[in-house]
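Examining the three-dimensional arrangement
These are the residues of each chain, in order.
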Amino acid sequence: MKLTKQINICLMAADNLRRFKGKTIAVIVSLTITMAVCSFMMFTRGGFIRDAETARDFLPDVTVQGIEAGRVAQISLDIIPKIKDIPHVKYVFPRVWGYIPLKIDETDVSYTLMGLDIDHFPHEIDHNTKNEIKLLSAIEDGYFLVPGDRKKAVLGYGVAESFRVDVGDIFAIAQKFGVDVGEIKNIGDKIKIEDLLGNSGEFEIVGVFSNKVQIYTTDLIIVSNEDARNFFGYAEDKASDLLVYLDDPAHADNAAFMISQLFENTRVMTSKALTDLLKEAFGRRGGTFQAMWLIMLMTLLLLIWAQSAHIGVDVSREIGILKAVGWQTGDIIKLKMFESLICGLFGTIGGILLGFVYALMGTPGISGYCIGCASVYPKFPVPVSCDFGSLFLIFLLGVVPVTMTSAIPAWLTGTIEPDEAMRS
Amino acid sequence: MIKIEKVSKRYQSGKVWINALHNVSLDIKEGEFVVFNGPSGSGKSTMLNIIGCLTRISSGRFLLDNEEVSHWPDHFLSSIRTQKIGFIFQQFNLVTGYSAIENVALPLLPLGISKNARLKKAFSLLEKLHIETRADFMAQELSGGQQQLVAIARALINDPKIILADEPISNIDSRHAENLINILTELKKEGKTIIATSHIQSGINRLADRNFTFKDGAIS
Ligand SMILES: Nc1ncnc2c1ncn2[C@@H]1O[C@H](COP(=O)(O)OP(=O)(O)OP(=O)(O)O)[C@@H](O)[C@H]1O
Ligand SMILES: [Mg+2]
C-alpha cells in the first residue's frame, strides 16, 4: 500500500511535467544550458590549474637567463662554477631552447625545441627529488633521452600528433576506417624538422610525452644540448638559460637573490614565480571565468525565482484543492519535489554531459581564445580535468536548489488552511 | 454527529480583524439535510468550511462524531476530509490541465490505489451523474454545470457520510439546478448528511429538514 502510494505520486509528478510541457521544457533547457556552462568551466578550470602545477614540477628551483641590452639573451656557461659555489645550490644544468615556427598542413604552428644536458640531466638528480621522476613518468610511449643520445628526440603529444607519430594506435585505427592520414610514423622512425627561419635537423623519435600534461609539454621537442646548439646555431659556450637545483627548495628566494646580485646581466626566476606567471597566463580567462560564474549564478537564481513565482499563482490554488480533497501536506510536498527532482536530474545530468562532451571535443570555438592554446597546434584542446569532487558539487548545484525551491513554497502553501490556499 | 458550540471565527486581513462568525451554536444529526441561508458575507461559507475541516475555529468547540477535532494536527484533518467529507465548492475548484475523470479520481491517488482502479471508480460515478461522455474533457473545457457535476463526482468518490455544498445552485442555470436537486434528493435517500448554503430561498430549501438563517456571523 505504502509503495503504490509513492509510485502513484511519482507517476503523477511525471504526468504533470508532460502535461505542462512548455514550462517543463523551459526549466530543463535553461537548467541544461546553465549546467553545461558551469560544468564545462569546472572541467577546464581544474585542468588549467592542474597543468600549471604539473609544469612547476618540471621546473628547477631557480632559472637563470642572460640579459643583453635589457633583452633576454644567451647566457655564458662560464658562470656555472660560480653559481655552484652559492650555498644550497646542488646542480646547475644549461639548457638551449627556442621557438620553431613551422608550416604543417598549410597551418602555421609554433613549437618549442628544447635542448637539455641529457648526459647529466635528469638522471643525475637525486632520486628523491620529485622533478626527475615526474619528467620521466610523463612519457606515454617510448623512453626519455639517456646519456649519450644524439640526434634523438622526445616529442610532446601535440607535436607527435602533427607529425603523425602513432601513439595509442589512433592513426592506425583511422587508416583502418579508410581515413587518409598520410604516412604514419612510429617510435624509432626519423622526422625532419625544417622551420621557417631556415634552421633544420633530423631526429629519431625515442619517446612521446603523455597528453595528460598538455600545456607544458604538448608543443615540446626535447633533444640534447648539442643538437639544439646545432639547430639554432649557438656557440659552444652559450646556452639559453641555466637550471639551478637546490638541496632544499625553501632556499629558492635566497639563492635567486644571490645569483642576481653576483651576476649583473641575468634575470633570475624561482619556480614559484614561474608557476604564478603560468597560472596567470593560462588563467587570464580567470577573470572571464569569474564573470561567467556570476552569470550562471544569476541564471540559477532567476530559475529559482521563476519557479517560486509560478508556485505563487495557480499552483497554490492547485495545492489548496489537493489538500481540500484529502491530500496530506507531506504528499503534496513530495509531489512537487518529485516534479522538480525530475527536471533537476534531467537538466543537470544533461548539462554535465553536454559540458563534458564539449570539453572533450576540443572546445570548438573557444580554444582560440585561450592564451597558450592558440599558439600551439590548432587541434590542441583546452585541458580537461574531471574529478569526483567538482562533479558532485556541480550535481548538487543543479539538483538541490531547484528541488528545494519547489518544496519550500509547496510546504508553505501546504501548511496554511486549505480555504486560504484556494482563495489565492 | 456535528456539534457546534459557541464557535467564533475571526479572519485577519491586513491589520483589521473580521468576525466572520460570532458565538454560533448548532447541531446536525446524521442523515439530516440542512440549508444555511443568509445574505452575502453573513458567514455561511465560513461555517461550511469549518465543518469541512478546511479551516479552524478561533474559539468555541467543534465536534465531529463526538470527537473534538478543532485542535487536531493538520494531517489528521486531511484524513477526516478523505474519509468523512465530500465538499462541492462554490467555484467547483477543478484542477485545470486535468481531465474530468482525472479530477474525480484525484482524492484516491494518495491512498495507494492503482491508476486503473481509480479511473474505473471515477468513471462509474460520472456514469451515475450522466456526464460520462465528458470524462476525457479537460476541466477548463467544461461548462459551469458540467464542472459542477464533475465536482460532485469528486466529492462522492470516497463515499463520504457528509456532503457539503457551497452555493450549489448559484452558478448554474435552472435546468442544471433541477438536475442537482434530483441528485441531492437521491443522496439524501442514501442516508448522507447534507449541508448546503444558499443566499436566496430556492428549490433546495424545500428538500431541507431544517434551515438556518445567518446574519452578520450569527444565526438569527
Ligand atoms: N479567508 C478569509 N480571509 C479574510 N476574510 C474572510 C475569509 N473568509 C471569509 N472572510 C470574511 O468573512 C465574512 C464571511 O464570509 P463568508 O464567505 O462566510 O460569507 P458568505 O455568507 O458565504 O457570503 P456569500 O453568500 O457571498 O458566499 C466576510 O466578511 C468575508 O469577507
Ligand atoms: Mg459563501
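Refer to the structure printed above.
Let us look at the structure shown here. Residues take numbers from 1 onward in each chain, read along the sequence in its written order. Ligands are numbered from 1 and chains lettered from A, in the order in which they are written. Local features in this predicted model are restricted to residues of pLDDT 70 or higher, and side-chain atom pairs are both shown and tallied only at a pLDDT of 80 or more, whereas totals for entire chains, interfaces and linings draw on every residue. For side-chain calculations, the full set of non-hydrogen atoms in the structure is used, while hydrogens and water are omitted.

**Things to note about the packing of aromatic side chains**
- What counts as a ring pair is set by centres within 6.5 Å for rings of Phe, Tyr and Trp (its six-membered ring), and what kind of pair is set by the plane angle: stacked under 30 degrees, edge-to-face over 60, tilted for all other angles. Counted by the stated rule, this structure contains 10 aromatic pairs over all chains.
- On the numbers, 6.3 Å between centres and 55° between planes, the contact of A:Phe144 with A:Phe209 is tilted. Taken together, the residues A:Phe144 in the loop between strand S6 (139-142) and strand S7 (152-155) and A:Phe209 in strand S9 (residues 200-209) connect sequence positions 65 residues apart.
- Of the residues examined, A:Phe144 reaches a relative accessible area of 6% and is grouped as buried.
- Centre to centre, the rings of B:Phe36 and B:Phe212 are 6.0 Å apart; their planes meet at 70°, and the pair counts as edge-to-face. A residue pair is termed long-range when its members are at least 10 positions apart, and B:Phe36 in strand S3 (residues 33-37) and B:Phe212 in strand S9 (residues 210-215) qualify at 176 residues.
- Only protein chains enter the accessibility calculation, which uses a 1.4 Å probe. A residue is then buried if its area is under 20% of the maximum for its type, exposed if over 50%, and partly exposed in between. Look at B:Phe36 and you get buried, because its relative accessible area is 0%.
- Taken together, A:Tyr91, A:Phe93 and A:Tyr245 form an aromatic cluster joined through their ring pairs.
- The ring of B:Phe137 has B:Arg134 lying over it, and the distance from NZ or CZ to the ring centre is 4.9 Å. To qualify as a helix, a DSSP run of H or I must reach at least 4 residues; to qualify as a strand, a run of E must reach at least 2; elements of each kind are numbered from the N terminus. The rule is short: NZ of Lys or CZ of Arg within 6 Å of the ring centre and within 35 degrees of the ring normal puts a charge over the ring.

**Things to note about the interface of chain B and chain A**
- Taken together, the 29 residues of chain B in the interface contact 28 residues of chain A.
- Accessible area that two parts lose when put together, with a 1.4 Å probe and added across both, is what the buried area reports. Of the roughly 2400 Å² buried between chain B and chain A, counting both surfaces, carbon and sulfur atoms make up 51%.
- Looking only at chain B, the three residues that lose the most surface to chain A are B:Tyr98, B:Leu109 and B:Pro110, adding up to 22% of its buried area.
- Should a side-chain nitrogen of Lys or Arg be within 4 Å of a carboxyl oxygen of Asp or Glu, the pair is scored as a salt bridge. Connecting chain B to chain A are 3 salt bridges.
- With a closest N to O distance of 3.3 Å, A:Glu417 and B:Arg56 form a salt bridge.
- Here a polar contact means two N or O atoms within 3.5 Å. Within protein one must be a hydrogen donor candidate and the other an acceptor candidate, and residues neighboring in sequence count only if both atoms are side-chain atoms. Linking chain B with chain A are 19 residue pairs in polar contact (both at pLDDT 80 or more).
- Counting residues per element, the side of chain B that touches chain A draws most heavily on helix H2 (residues 74-84) of chain B, at 6 residues.
- For the side of chain B that touches chain A, the residue count by class is 12 nonpolar, 11 polar and 6 charged. Any pair of residues with heavy atoms lying within 4.5 Å of one another is described as a contacting pair. Residues are grouped as follows: nonpolar covers Ala, Val, Leu, Ile, Met, Phe, Trp, Tyr, Cys and Pro; charged covers Asp, Glu, Lys and Arg; every other residue, Gly included, is treated as polar.

Spatial relationships are all this shows, so hold off on functional conclusions.
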